[in-house]
Amino acid sequence: MSDPLALCLADALSPEVALARLVLAGLSPDEIAVRVAALPGDGRVTQLRRLAARRDALGRVRDMLAASGLDHAAADAAPADAVARIAGLFDRAVVHAPLASVAAYSLDDPAILDAATAELVAWLDAEGMLGGDVLDLGCGIGRVAAVIAPRVRSVLGADASPAMVAEAHRRHAGAANVRFEHTAGLGLAFPSASLDLVLAVDSFPYLVQAGIEVADRHVADAAVALRPGGRIALLNLSYRADPAADAADARRWAAQHGLILDHAGTRPFTLWDGAAWVLRRAHPISPSPSPTR
């Protein structure tokens, strides 16, 4: 069963994600409204109808996807070129719809994005991941970094999209305990045992898309940077729609870098359908040479 509306009615997707998937599939706001209007029942159907009635919001998401190219992103042969191309997609996306550019299921609505962010941060807190030094990899507009900043020792938001970093600076200018930097997106350059959490919220799939060697480099660098007990939290590992391949990569990274796989594709959220992959450092390791950032 792959129809987003059917999955929503089966409680497998939130109404927000279901509608975002229809937009990603190329349906217009009018087509979505017609499909939703034909559904029988109440409960989730009522929620779907309420959201589908917001045709302007659905239109902004559709326009953002079309203008940026995020709805048909494809990999390139050279990792550096692939990362630069993906960064360009997000440069265009954030100009058209800043909220939807980091979460299409927000439907560019601040209340929806705030609710999803609060649920995500509550999960991080319950898992004991907050409190130390954090790298928010692929931070986008800084929505997660800004919320966790009061709860951690420090947080650095890094993104390969200059426009995303500029938007994060604009939104959170003067915020304490958080800073934002542009990164080339080809690896990390942090001292050994300097981080307690490397967090990638729906950003790691683009590293996989740029080339598995790019994803491998980031995990290797993150593993070196972790303190004992520190974690790499990949909230969505890839967009391959292949859980077995994701699991194989996660197990391989754990074996290669002496990490423990705490979460293997669990789905802890109700609003967002993101899958959690969490790797934990159990013991100190020797530093390896720092790559070029």
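Q: How should the overall build of the protein be read in this particular structure?
A: Within the protein one finds 13 helices and 7 strands. Here the protein has a C-alpha radius of gyration of 19 Å; the compact-globule value for 293 residues is 19 Å, and the two agree. Principal-axis analysis of the C-alpha atoms gives the protein an extent of 60 × 40 × 35 Å. Sorting the 293 residues of the protein into buried and exposed places 53% on the buried side. Put simply, 67% of the contacts in the protein that link residues at least 6 apart link residues at least 24 apart. When the 27 basic and 33 acidic side-chain charges of the protein are each reduced to a single mean position, those positions are 2 Å apart.

Q: I'm lost on the side chain of His218 in this one. Help?
A: With respect to the secondary-structure elements, His218 resides in helix 12 (residues 212-225). Using a relative accessible area of 2% as the deciding quantity, one classes His218 as buried. Side-chain polar atoms of His218 contact the backbone oxygen of Val214, separated by 2.9 Å. Ignoring any residue separated from it by four or fewer positions in sequence, one finds His218 in contact with Leu137, Gly185, Leu186, Gly187, Leu188, Phe204 and Leu207.

Q: Can you walk me through the pairing of strand 7 (residues 276-281) in this structure?
A: Strand residues, when the strand is regular, have side chains that alternate between the two faces of the sheet. For strand 7, a buried count of 5 out of 6 residues is recorded, marking the element as mostly surrounded by other parts of the structure. Pairing of strand 5 (residues 226-235) with strand 7 involves 5 bridges; the strand directions are antiparallel. Bridging across to strand 7, Leu235 finds its partner in Ala276. The sheet contact formed by strand 6 (residues 259-266) and strand 7 spans 6 bridges and is antiparallel. Paired with Ile260 across the bridge in strand 7 is Arg280.

Q: Honestly, the sheet that holds strand 4 (residues 195-201) in this entry has me stumped. Any pointers?
A: Neighbouring strands of a sheet are bound in pairs by backbone hydrogen bonds; such pairs are parallel or else antiparallel. Read across the sheet, 7 strands follow the order 3-2-1-4-5-7-6 without closing on themselves; strand pairing throughout is mixed. Of all the strands in the sheet, just strand 3 (178-182) and strand 6 have a single pairing partner and so form its edges. Sheet twist, expressed as the average angle between the axes of neighbouring strands with direction ignored, equals 15 degrees. As paired elements, strand 1 (residues 133-137) and strand 2 (residues 154-159) share 5 bridges and run parallel to each other. Following the sheet pairing, Asp133 is matched in strand 2 by Ser154. Strands in contact with helix 13 (residues 243-257) are strand 5, strand 6 and strand 7; relative to strand 7, the strand with the most contacts, it is inclined by about 5 degrees.

Q: Would you explain the packing of helix 2 (residues 15-24) against helix 5 (residues 55-68) in this entry?
A: Geometry of a packed helix pair, given as the angle between the helix axes and the separation of the axes. As a packed pair, helix 2 and helix 5 sit with axes 10 Å apart at the nearest point and diverge in direction by 45 degrees. When the axis of helix 2 is compared with that of helix 5, the two are oblique. The element helix 2 and its partner helix 5 pack so that their crossing is right-handed. Contacts from Leu19, Val23 and Leu24 in helix 2 reach Leu58, Val61, Arg62 and Leu65 in helix 5. Grouping the amino acids of the contact of helix 2 with helix 5 by side-chain chemistry returns 6 nonpolar, no polar and 1 charged.

Reading the values: the criteria
Residues numbered from 1 in each chain as written. Predicted model: local features only at pLDDT ≥ 70, side-chain atom pairs only at ≥ 80, totals over all residues. Heavy atoms only, no water. Helix = DSSP H or I, 4+ residues; strand = E, 2+ residues; numbered from the N terminus. Rg over C-alpha atoms; globule rule 2.2 N^0.38 Å. Buried < 20%, exposed > 50% of the residue type's maximum accessible area, 1.4 Å probe, protein only. Contact = heavy atoms within 4.5 Å. Lys, Arg positive; Asp, Glu negative; His and termini not counted. Charge placed at Lys NZ, Arg CZ, Asp CG, Glu CD. Polar contact = N/O pair within 3.5 Å; in protein donor to acceptor, adjacent residues only side chain to side chain. Pairing = 2+ DSSP bridges. Axes fitted to C-alpha atoms, helices over the stretch in contact; angles between N-to-C directions. Parallel < 35°, antiparallel > 145°, perpendicular 65-115°, else oblique. Left-handed = near helix turned anticlockwise from the far one by under 90°. Nonpolar A, V, L, I, M, F, W, Y, C, P; charged D, E, K, R; others polar.

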